[in-house]
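Residues per chain are reported as follows:
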Amino acid sequence: SEPKRTSNELLKYFLMAERGENGEFDPHRVPKYSRGKESRSRGKRMQILEFCDQVTTNSNQIMMSGLAEIPDLGMLAVAEKQGMIEVINVQSLERVKLIKAHNTEICCILYVPEKKLLLSADANGLINVWDCQGDFKFVRAFAKHTKAVLALEYFPDQELVVSGGDDECIRMWSIKTFKEEQTMRTKQSKIGSLCRLGNSKIAVGFDKGVINVIAFEPERKVTLSFPAHNKHILSLKYLEESNILIW
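Residues numbered from 1 in each chain as written. Predicted model: local features only at pLDDT ≥ 70, side-chain atom pairs only at ≥ 80, totals over all residues. Heavy atoms only, no water.

### Some points on the sheet that holds strand β9 (residues 137–142)
The strands that make up a sheet pair up through hydrogen bonds in the backbone, lying either parallel or antiparallel.
So, step 1. Taken in spatial order, the four strands of this open sheet run β6-β7-β8-β9, and their pairing is antiparallel. Since the sheet does not close on itself, it has two edges, and those belong to β6 (106–112) and β9, each with one partner. In this sheet, adjacent strand axes meet at a mean angle of 20 degrees when their direction is disregarded.
So, step 2. In terms of strand pairing, strand β8 (residues 127–131) meets β9 through five bridges, oriented antiparallel. Across the sheet, the residue bridging to Asn128 is Ala141, located in β9. (Pairing = 2+ DSSP bridges. Helix = DSSP H or I, 4+ residues; strand = E, 2+ residues; numbered from the N terminus. Axes fitted to C-alpha atoms, helices over the stretch in contact; angles between N-to-C directions.)

In structure tokens form, the structure reads like this:
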């Protein structure tokens, strides 16, 4: 019998698609995967083929733009640059749902476990919300951004979604009412990444290499700003146990 796969293992398979032929990580590669189980592609870089469906042709490659683990439902959501979201069962490795989510490129996705909702954001600034318990039906859209949304984050205590991107705005909006509660205009550069720091702060990475820390209490404002790189900050990761921020 085949061993059960966890979503963490599947994420590792996806990440393998970012490695070059020699197995070394290349940050300039665009992650790709093909649908099928052809023997020619069972190399180090394409292990992801083992759990993709066999419907399309050998030459049909899908360009991934984001991943969202849905651990409480045993699923993994894969966002594609073509505007589709493919939901995969991590045990059977079969497709659960294929969602025509956007009419343009999906830039990022985020799962909100407290609400069982999946958020997807596109290159036109549209954020769509999907009900993971309701067969991934469309719930509602947030359409305040004017350009691509590149980062999403969620604060469960405040039930607040934070989004940012190319329009140089950080928008904070309620997951319950979908009403915008606050907009912070950066006036300096585009937003490439967001990372929650505990329950009351968020780190913002900009395309000019600056990181801002915004505190929610007693009022929402920037409490720290520092240069971190000389180029775009694409990713932020907070290690809560060690109180370390990685970029």
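### Structural notes on the sheet that holds strand β16 (residues 210–215)
So, step 1. If you trace the four strands from one edge of the open sheet to the other, you get β14-β15-β16-β17, paired in antiparallel fashion. In this open sheet, the two strands that pair with only one neighbour each are β14 (191–197) and β17 (221–227). Between one strand axis and the next, the sheet turns by 20 degrees as a mean value, whatever way the strands run.
So, step 2. Pairing between β14 and strand β15 (residues 201–206): six bridges, direction antiparallel. Its bridge partner being in β15, Leu197 is matched across the sheet by Lys201.

### So, the pairing of strand β7 (residues 117–122)
So, step 1. Of all six residues in β7, six are buried, a share of seventy percent or more.
So, step 2. Of the two faces of β7, both are covered, the one formed by Leu117, Leu119 and Ala121 as well as the one formed by Leu118, Ser120 and Asp122.
So, step 3. As paired elements, β6 and β7 share six bridges and run antiparallel to each other. Residue pairing for β7: Cys108 is matched across the bridge by Ala121.
So, step 4. By the bridge criterion, five bridges tie β7 to β8 in an arrangement that is antiparallel. Along β8, the bridge assignment pairs Leu119 with Val129.
So, step 5. The turn joining β7 and β8, which pair antiparallel and follow one another in sequence, is formed by four residues; a positive phi near 95 degrees is taken by Gly125. (Buried < 20%, exposed > 50% of the residue type's maximum accessible area, 1.4 Å probe, protein only.)

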